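Report on the structure
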Amino acid sequence: ALSERLVLDTGPDDVALAQKLEKLQPVTPRMLDAVDVENLDPHWPRAVDSLRSIPDAVTPRRKVIKVRSAVDDIFACLARKAKNGDDVPPGADDLLPLVILATLRARPPALLANIKFVELYIGDDRMSGEEGFLLTQLVAAASFLQNVDSTQLRCVSAPAFDALMNQDIDAFNRAMADASEDD
């Protein structure tokens, strides 16, 4: 079917993004200025699983439903974190860094092709409401992850980022330790 061909025909950008997502796995919530919710079961793993399963959804609407499910679980994590005694209740500014982190952890296959498929076939009437907001969050996360460098990660020096991109974890850890000593 045409939809399968559109989604399965991953281009060089999808391949490059998949490789970068693999290299960025050591990135922490702190580096993204994200609230640390990775250990708040069961919501965080469900959010990651929802994003990972986007390619399994056949229709654009079902793909957006996967994103909605992920965002709902992320908000549940934020609410739980706030309930556990944080002084500041979570806000909309807390969402994007966590969508970025969840996308990074999920490493959805053919993410860019799936986003393009949704954008082409979802319909303009749906793109102005909640579905548009949800897709915008995913597009922003994908764009950030495609283009991220050391200047966009908190407390990550250029040498540390280069080590990360070269998959030299020992050099990355040394550079991060050196940076923390300087603080």
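This one's a predicted model, so the numbers in the text were calculated from it and none came from an experiment. (Residues numbered from 1 in each chain as written. Predicted model: local features only at pLDDT ≥ 70, side-chain atom pairs only at ≥ 80, totals over all residues. Heavy atoms only, no water.)

1. Re the packing of aromatic side chains
- As enumerated under the stated definition, the model contains 1 aromatic pair in all.
- Consider the rings of Phe-117 and Tyr-121, whose centres lie 5.4 Å apart with planes at 50 degrees: the pair is tilted. One end of the pair, Phe-117, and the other, Tyr-121, are both in helix H6 (residues 111–121), 4 residues apart, so they sit about a helical turn from each other. (Phe/Tyr/Trp six-rings, centres within 6.5 Å; stacked < 30°, edge-to-face > 60°. Helix = DSSP H or I, 4+ residues; strand = E, 2+ residues; numbered from the N terminus.)

2. Section: the packing of H6 against helix H8 (residues 130–147)
- Axis separation between H6 and H8 bottoms out at 11 Å; the angle between their running directions is 150 degrees. When the axes of H6 and H8 are compared, the pair comes out roughly antiparallel. Between H6 and H8 lies a crossing whose hand is left-handed. Facing Leu-111, Leu-112, Ile-115, Val-118 and Glu-119 of H6, the residues of H8 in contact are Leu-135, Leu-138, Val-139, Ala-142 and Gln-146.
- A class-by-class count of the residues in the contact of H6 with H8 yields 8 nonpolar, 1 polar and 1 charged. (Axes fitted to C-alpha atoms, helices over the stretch in contact; angles between N-to-C directions. Parallel < 35°, antiparallel > 145°, perpendicular 65-115°, else oblique. Left-handed = near helix turned anticlockwise from the far one by under 90°. Contact = heavy atoms within 4.5 Å. Nonpolar A, V, L, I, M, F, W, Y, C, P; charged D, E, K, R; others polar.)

3. Brief notes about helix H4 (residues 60–83)
- A rise of 1.5 Å per residue sets the reference length of H4, with its 24 residues, at 34 Å; its end C-alpha atoms lie 35 Å apart and thus fit the reference within 8%.
- Residues of H4 that are buried include every one of Pro-60, Lys-63, Val-64, Val-67, Ala-70, Val-71, Asp-73, Ile-74, Cys-77 and Leu-78, and no others. (Expected span 1.5 Å × (residues − 1). Buried < 20%, exposed > 50% of the residue type's maximum accessible area, 1.4 Å probe, protein only.)

4. Some remarks on the nonpolar core
- Among the nonpolar cores identified, the biggest contains 52 residues, and Leu-24, Val-27, Trp-44, Ile-74, Leu-98 and Leu-153 are the most heavily contacted of them.
- Broken down by secondary-structure element, the contributors of at least two residues to this core are helix H2 (12–23), helix H3 (43–52), H4, helix H5 (95–106), H6, H8, helix H9 (158–165) and helix H10 (169–182).
- Ranked by the residues each element gives to this core, the list is headed by H5, at 8 residues.
- Here Trp-44 is in contact with Val-37, Glu-38, Ile-74, Cys-77, Leu-98, Leu-101, Ala-102 and Arg-105, once residues within four sequence places are set aside. (Core = buried A, V, L, I, M, F, W, Y, C linked by side-chain atoms within 4.5 Å.)

5. So, unusual backbone geometry
- Positive phi is not limited to glycine here, since Asp-33 has a value of about 55 degrees.
- Within the secondary structure layout, Asp-33 lies in the loop between H2 and H3.
- At Arg-107, a position not held by glycine, the phi torsion is positive, near 50 degrees.
- One can find Arg-107 in the loop between H5 and H6.
- On the accessibility criterion, Arg-107 (32% relative accessible area) is partly exposed.

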